[in-house]
Amino acid sequence: MPDVVFDLISKTYNPGLFKKKVQAVKGLSFEIRQGEVFGLIGPNGAGKSTTIRMILGLIRPDSGRILFRGKPLRETTIQREVGYLPENPYLYDHLTLLELLQFCGKTSGIEPEQIKRRNQELMEKLNLSEAQKRPLRTFSKGMLQRAGICFALLHDPSIVVLDEPMSGLDPIGRRMVFDLILELKEQGKTIFFCSHILNDVERLCDRIALINKGQLIKQFVRDDFLQDGDKTVFLHTSILDEIQQQKIQSLGGCIRLEGEGHLLAISDDDYHSVNSYLGKSNVKILGCRSEWMSLEDLFIKTVKEQDQ
């Protein structure tokens with residue numbers, strides 16, 4: 001049974017008198033399975049924030065059903081099960097991190113010993129132990145982001161909703177959060193991941209939903225952008241003329257435009273003949289890649305197709 005099901009959900013906002021209503025979400029349907037990392041991507045204004053607020057029960061849809069483990073959302077206690085990191089977390093900046101987490105634990109009804117244990121565990125994982133007694137107002141953007149993750153995970157939720165969790169993080173901080181998400185997945189947690197950093201989404205998520213103008217456009221799985229059938233070698237070359245393209249295709253290669261050149265997808269069996277032809281034709285090889293089409297390519301291509 002999926003953890004969360006969206007069934008033909010629609011939501012419209014009324015911004016005020018004499019202003020046009022805004023349909024943020026229209027007929028949206030998808031499911032989030034237990035124990036997976038599910039990604040939600042889309043252009044600005046696509047309806048991602050509205051979708052998150054509805055999962056959390058902060059707003060209600062105008063029509064459709066949201067189910068949590070088979071029951072209507074309003075009949076459940078999903079808030080107790082969810083840890084949420086908003087895009088711009090607001091934390092009490094006059095408190096220290098330790099005071100903030102103790103306050104969070106007490107208001108969540110967690111036992112004092114468990115609060116202490118979880119505090120130390122999370123602060124160590126996110127490299128905040130040395131800063132735990134500093135006021136939050138002295139934290140950098142990246143440190144506040146990591147503090148927000150501690151806040152979201154303190155009560156050991158079974159579902160974790162992360163909205164732009166890598167925002168403001170340096171490479172070391174990004175790696176910490178990346179490893180933490182994989183650890184949560186190994187523990188069987190369900191993770192709902194929303195980010196504009198498509199490389200992170202591509203590397204972390206088992207399934208990805210692309211929404212635009214409030215509608216689900218497409219769902220991707222890892223194989224959609226990691227490989228293309230039996231094509232296992234991907235070469236980025238200079239621009240090929242029509243004769244060269246025809247010859248490479250006759251030798252078993254696939255070709256598409258890529259920046260200021262072409263990208264070739266070649267199977268192991270055909271690689272020797274294609275590579276030999278490229279050498280004889282003095283085609284410049286600019287580099288190689290591990291995938292045929294990146295998530296960013298699929299994102300742009302799919303959104304453009306819908307907008308046309």
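For the structure, see preceding data.
All values reported here derive from a predicted model rather than from experimental measurement.

Rules behind the numbers
Residues numbered from 1 in each chain as written. Predicted model: local features only at pLDDT ≥ 70, side-chain atom pairs only at ≥ 80, totals over all residues. Heavy atoms only, no water. Pairing = 2+ DSSP bridges. Helix = DSSP H or I, 4+ residues; strand = E, 2+ residues; numbered from the N terminus. Axes fitted to C-alpha atoms, helices over the stretch in contact; angles between N-to-C directions. Contact = heavy atoms within 4.5 Å. Expected span 1.5 Å × (residues − 1). Buried < 20%, exposed > 50% of the residue type's maximum accessible area, 1.4 Å probe, protein only. Arc of directions from axis to C-beta. Core = buried A, V, L, I, M, F, W, Y, C linked by side-chain atoms within 4.5 Å. Phe/Tyr/Trp six-rings, centres within 6.5 Å; stacked < 30°, edge-to-face > 60°. Patch = residues over 30% accessible without salt bridge, like charges linked within 9 Å, V, L, I, M, F, W, Y side chains within 5 Å. Areas by Shrake-Rupley, 256 points an atom, 1.4 Å probe, with all protein chains shown as cover. Salt bridge = Lys/Arg side-chain N within 4 Å of Asp/Glu carboxyl O. Parallel < 35°, antiparallel > 145°, perpendicular 65-115°, else oblique. Left-handed = near helix turned anticlockwise from the far one by under 90°. Nonpolar A, V, L, I, M, F, W, Y, C, P; charged D, E, K, R; others polar.

Enquirer: Tell me about the sheet that holds strand β8 (residues 190-194), and please be specific about residues and values.
Expert: Reading across the sheet, the six strands line up as β6-β7-β8-β3-β9-β10 and stay open at both edges, with mixed pairing between neighbours. Each edge of the open sheet is held by one strand with a lone partner, namely β6 (82-85) and β10 (215-221). Strand-to-strand twist of the sheet, defined as the mean angle between neighbouring strand axes without regard to direction, takes the value 15°. Where strand β3 (residues 37-41) meets strand β9 (residues 207-212), four bridges bridge the pair, whose relative direction is parallel. The residue bridging I41 from the neighbouring strand is L210, located in β9. Contacting β6 and β7 (159-163), helix α5 (residues 141-153) crosses the sheet at an angle of about 165° to β6.

Enquirer: Quick rundown of helix α4 (residues 112-125)? Include the residues and the values.
Expert: Residues spaced three or four apart along an α-helix point in a common direction, a consequence of the helix completing one turn every 3.6 residues. Compared with an ideal rise of 1.5 Å per residue, which puts 14 residues at 20 Å, α4 spans 20 Å between its outermost C-alpha atoms and is within 8% of the ideal. If you check which residues of α4 are buried, you get I115, R118, N119, L122 and M123. On an axial view of α4, the arc spanned by its buried residues comes to 120°, and they lie on one face. Facing away from the buried side of α4, by more than 90 degrees, are the exposed residues E113, K116 and E124. The elements touched by buried residues of α4 are α3 (97-107) and α5.

Enquirer: So what about the nonpolar core? Which residues, and what values?
Expert: One finds I41, L97, L126, L128, F139, I181 and F193 to be the most contacted residues of the largest nonpolar core, which totals 49 residues. Contact partners of F139, with chain neighbours within four places excluded, come to L97, L128, A131, R134, L144 and A147.

Enquirer: Requested: an account of the sheet that holds strand β5 (residues 71-72), with residues and values cited.
Expert: With antiparallel pairing, four strands are arranged side by side in an open sheet as β2-β1-β4-β5. Unpaired on one side and paired on the other, β2 (22-32) and β5 mark the two borders of the sheet. Inspection of the sheet shows strand β1 (residues 4-13) paired to β2 by seven bridges, in the antiparallel sense. The residue bridging I9 from the neighbouring strand is L28, located in β2.

Enquirer: Lay out the packing of aromatic side chains with the relevant residues and their values.
Expert: One pass over the full model with this rule turns up five aromatic pairs. Aromatic pair F6 and F30: ring centres 4.8 Å apart, planes at 15°, arrangement stacked. Of the two residues, F6 sits in strand β1 while F30 sits in strand β2, which places them 24 residues apart along the sequence. On the basis of relative accessible area, F6 is assigned to the buried category, the value being 2%. On the basis of relative accessibility, which here comes to 4%, the residue F30 falls in the buried class. Ring centres 6.0 Å apart and planes at 90° place the aromatic pair Y92 and F103 in the edge-to-face group.

Enquirer: Which residues make up a nonpolar patch on the surface, and what are the values?
Expert: Together, Y90, Y92 and F103 give the surface a local cluster of nonpolar side chains, amounting to about 380 Å² of exposed area. The class of Y90 is exposed, set by a relative accessible area of 69%.

Enquirer: Residue-level account of the pattern of salt bridges, with values.
Expert: Evaluation of the coordinates by the stated rule reveals 14 salt bridges. Measuring nitrogen to oxygen at the nearest pair gives 3.1 Å for the salt bridge that ties D3 to R69. Of the two residues, D3 is situated in the segment before β1 and R69 in the loop between β4 (63-68) and β5; the sequence distance between them amounts to 66 residues. Residues participating in the shared-partner salt-bridge network are R117, R118, E121, K125 and E183.

Enquirer: How would you sum up the packing of α3 against α5? Please name residues and give values.
Expert: Close contact between α3 and α5 brings their axes to 9 Å; oriented N to C, the two are set at 25°. One way to sum up the angle between α3 and α5 is to call them roughly parallel. α5 is crossed by α3, and the crossing has right-handed handedness. Between α3 and α5, the residues in contact are L97, L100, L101 and C104 and A147, C150 and F151, respectively. The class makeup of the residues in the contact of α3 with α5 is seven nonpolar, no polar and no charged.

Without other data, these values stay purely geometric and don't point to any function.
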